[in-house]
Amino acid sequence: DQLIKQRMSAKYQDWRAAVLARDSNQCQWPGCKETEKLQVHHIFPYSTHKHLKTDIHNGITLCTKHHLQVNQREIQFSRFFVAILKKKKDHDSIS
């Protein structure tokens, strides 16, 4: 399957590791502290934004529970996730 091959690529794995590291290996959903069963979610879907496939700014760490809530509804949640990452970036630049 093509999707499996893409997700096994070194570039994709590097992207995934970078997003997890940036997010301190914790779900970024507000109030969630989950550090296990994590998935890296594309904020803007890969199917329509192929050029952002491995852009760290297009990834966010979610636990399985929260990933299931947003899966297939990426556009509805894109601004929400961009705001979370912007707040995180602003906070990190102060620290």
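See the structure shown above.
Residues numbered from 1 in each chain as written. Predicted model: local features only at pLDDT ≥ 70, side-chain atom pairs only at ≥ 80, totals over all residues. Heavy atoms only, no water.

J.: Requested: an account of the overall build of the protein, with residues and values cited.
T.: Looking only at helices and strands, the protein has four helices and two strands in total. Ordered by position from the N terminus, the helices and strands of the protein form the series α-α-β-β-α-α. Long-range pairs, those at least 24 residues apart, make up 64% of the contacts in the protein between residues at least 6 apart in sequence. A total accessible area of about 6400 Å² is found for the protein, and carbon and sulfur atoms account for 55% of it. (Helix = DSSP H or I, 4+ residues; strand = E, 2+ residues; numbered from the N terminus. Contact = heavy atoms within 4.5 Å. Areas by Shrake-Rupley, 256 points an atom, 1.4 Å probe, with all protein chains shown as cover.)

J.: Explain helix H2 (residues 10-22) to me, and be specific about the residues and the numbers.
T.: Between its first and last C-alpha, H2 extends 18 Å over 13 residues, near the 18 Å set by a 1.5 Å rise per residue. Along H2, the residues classified as buried are Tyr12, Trp15, Val19 and Leu20. For H2, the angular spread of the buried residues around the axis is 130°, confining them to a single face. Turned more than 90 degrees from where H2 packs its buried face, Ala10, Lys11, Asp14 and Ala21 sit exposed. One or two positions beyond H2, positive phi appears at Ser24, with a value near 55°. (Expected span 1.5 Å × (residues − 1). Buried < 20%, exposed > 50% of the residue type's maximum accessible area, 1.4 Å probe, protein only. Arc of directions from axis to C-beta.)

J.: Please provide a residue-by-residue account of the pattern of salt bridges, values included.
T.: The final tally for this structure, using the stated rule, is one salt bridge. Arg22 is paired through a salt bridge with Asp23; the nearest N and O atoms lie 2.8 Å apart. By relative accessible area, which is 23% here, Arg22 ends up partly exposed. The exposure class of Asp23 is buried, given its relative accessible area of 1%. (Salt bridge = Lys/Arg side-chain N within 4 Å of Asp/Glu carboxyl O.)

J.: Kindly report on the nonpolar core, identifying the contributing residues and their values.
T.: By size, the foremost hydrophobic cluster in this structure holds 18 residues, and its most contacted members are Cys27, Trp29, Ile60, Leu62, Val70 and Phe81. Secondary-structure elements contributing two or more residues to this core are H2, strand E1 (38-42), strand E2 (59-63) and helix H4 (74-94). Contacts of Ile60, omitting those with residues within four sequence positions, involve Val19, Arg22, Asp23, Gln28, Gln39, Val40, His41, Ile43, Phe81, Ile84 and Leu85. (Core = buried A, V, L, I, M, F, W, Y, C linked by side-chain atoms within 4.5 Å.)

J.: Lay out the packing of aromatic side chains with the relevant residues and their values.
T.: Under the defined criterion, the tally for this structure stands at seven aromatic pairs. Centroid distance Tyr12 to Trp15: 5.2 Å. Interplanar angle 50°. Geometry classified as tilted. Of the two residues, Tyr12 and Trp15 both sit in helix H2, three residues apart, roughly one turn of that helix. Comparing Tyr12 with Trp15 shows no difference in burial state: the two are buried. (Phe/Tyr/Trp six-rings, centres within 6.5 Å; stacked < 30°, edge-to-face > 60°.)

J.: So, the side chain of Gln28: which residues are in play, and what are the values?
T.: With respect to the helices and strands, Gln28 occurs in the loop between H2 and E1. For Gln28, a relative accessible area of 14% gives the class buried. A distance of 3.1 Å separates a polar atom in the side chain of Gln28 from the backbone oxygen of Asp23. Gln28 has contacts with Asp23, Ile60, Thr61, Ile84 and Lys88, leaving out every residue within four places of it along the chain. (Polar contact = N/O pair within 3.5 Å; in protein donor to acceptor, adjacent residues only side chain to side chain.)

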